[in-house]
Amino acid sequence: MKIPALVLTALVSSTSSLLAADLVAPVEQPTVVQPVSGFYIGSLSSVNFLDDTSFGVGGATVSTDYDVGFYSALRAGYDFGAYGFVSPRVELELGYGTASVDEHSIGGVGLGGINSFGDARSIQGYVNGYLDIPLAADGALSAFTPYVGGGVGFMNLDLRKQGVAGVATLMDDSDTAFAYHLDAGVGINLQAIGLFSDVSLFDNTTLDIGYRFTAADNFDFTSQAGTSSSTDFRSNAVTFGFRKSF
């Protein structure tokens, strides 16, 4: 039986199309990272630059200059999602900071940087609030989200074993006071910029890089000599941390 030319042509054409389709590699679709709202957990670390603290000994005031300090914290929060052009979130933070004494001085006269010793240690807890400000809904800029905010809470400041070698430990006391901080920075979606895209541990993970100003006033201390005095705490910090949403 003869196959009509028209039918034969159609069969050949169909077979060629199927073979061509098999030879063409499938096109991988780009990963679309959707904005995530809800609960998250994270960490925060910072490099701190502390202002001088001071305390009284007898009739003199000892001013203390510090080396670069460090702070680390755990945090847990909730992201409410988009409200207009901002996304609010709230979180709880609990952390620990430390900085070593660089030099004590009296009346601007150093008591010997090599001989000065001690630390300023702190336990800090805050209720934080932030506003995330997305730059774009999609494209390269969608990976970067600036934020502003801050927090209020407490700080327990410990002027631990501060003194001068060959003289004595002049101060070793702690106190707790109201504290607050102000923050600004940018959150970077790690998946959206192609980092760790094949590692499930980093799904819905944001890297935060920013600046923090921390302040607390009127810590009351008693020196080893029995002299009472008060001091304030101020620090500027470069912060970095991670947030993983669920």
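Not measured: the values here are computed from a predicted model.

Enquirer: Would you mind going over the overall build of the protein with me for this structure?
Expert: Counting its regular elements, the protein contains 1 helix and 11 strands. In the protein, the succession of α and β elements from N to C terminus is α-β-β-β-β-β-β-β-β-β-β-β. Relative to its 246 residues, the protein shows a buried fraction of 35%. Just so you have it, the protein exposes about 13,600 Å², and 64% of that area is on carbon and sulfur atoms.

Enquirer: I would appreciate a short explanation of the packing of aromatic side chains in the present structure.
Expert: For any pair of aromatic rings, geometry is given as the distance between the ring centres together with the angle between the planes. Under the definition given, this model contains 6 aromatic pairs. Taking 4.8 Å as the distance between ring centres and 75° as the angle between the ring planes, the aromatic pair formed by Phe39 and Tyr78 counts as edge-to-face. Residue Phe39 is located in strand β1 (residues 38–50), and its partner Tyr78 is located in strand β4 (residues 69–79); the two are separated by 39 residues in the primary sequence. Measuring from centroid to centroid gives 6.3 Å for Phe219 and Phe221, while their planes differ by 20°, and the two rings are stacked. The same class applies to Phe219 as to Phe221, namely buried. Here the aromatic cluster, defined as three or more aromatic residues joined through ring pairs, consists of Phe39, Tyr78 and Phe80. The positively charged end of Arg243 is found above the aromatic ring belonging to Tyr40, 5.7 Å away from the centroid.

Enquirer: Hey, could you run me through the environment of Leu170 in this one?
Expert: The topology assignment puts Leu170 in strand β9 (residues 168–189). Among the residues examined, Leu170 registers a relative accessible area of 16% and is labelled buried. Those residues in contact with Leu170 that sit more than four places away from it in its chain are Phe55, Val57, Val62, Gln162, Gly163, Ser223 and Gln224.

Enquirer: How should I be thinking about the nonpolar core in this particular structure?
Expert: Generally speaking, soluble globular proteins have nonpolar side chains that are buried together. Core analysis: the largest hydrophobic core is formed by 22 residues, its most contacted members being Tyr66, Met155, Leu157, Leu159, Phe219 and Phe233. Elements with a minimum of two residues in this core: β1, β3 (60–66), β4, β5 (87–106), β7 (116–132), β8 (144–164), β9 and β10 (205–222). With 4 residues, the single largest contributor to this core is β9.

Parameters and conventions
- Counting starts from 1 at the beginning of each chain's written sequence and moves along it residue by residue.
- Thresholds applied to this predicted model are a pLDDT of at least 70 for local features of residues and 80 or more for the giving and counting of side-chain atom pairs; totals over whole chains, interfaces and linings are not thresholded and use all residues.
- Hydrogen atoms and water are omitted, and side-chain values are computed over all heavy atoms in the structure.
- Only DSSP runs of H or I covering at least 4 residues are called helices, and only runs of E covering at least 2 are called strands; the numbering of each starts at the N terminus.
- Note on exposure labels: buried denotes an accessible area under 20% of the residue type's maximum, exposed denotes more than 50%, and partly exposed covers the range between, all computed with a 1.4 Å probe on protein chains only.
- Here the open area of atoms and residues is found with the Shrake-Rupley method and a 1.4 Å probe, where only the protein chains shown may cover a residue.
- Pairing of aromatic rings covers Phe, Tyr and Trp, the last counted by its six-membered ring, and requires centre-to-centre distances within 6.5 Å; plane angles under 30 degrees mean stacked, over 60 mean edge-to-face, and any other angle means tilted.
- For a Lys NZ or an Arg CZ to count as sitting over a ring, it must be within 6 Å of the ring centre and within 35 degrees of the ring normal.
- Here, two residues are considered to be in contact whenever any of their heavy atoms come within 4.5 Å of each other.
- Definition used in this section: a nonpolar core is a set of buried Ala, Val, Leu, Ile, Met, Phe, Trp, Tyr and Cys residues joined via side-chain atoms within 4.5 Å.

Shape is all these values report; function is a separate question.
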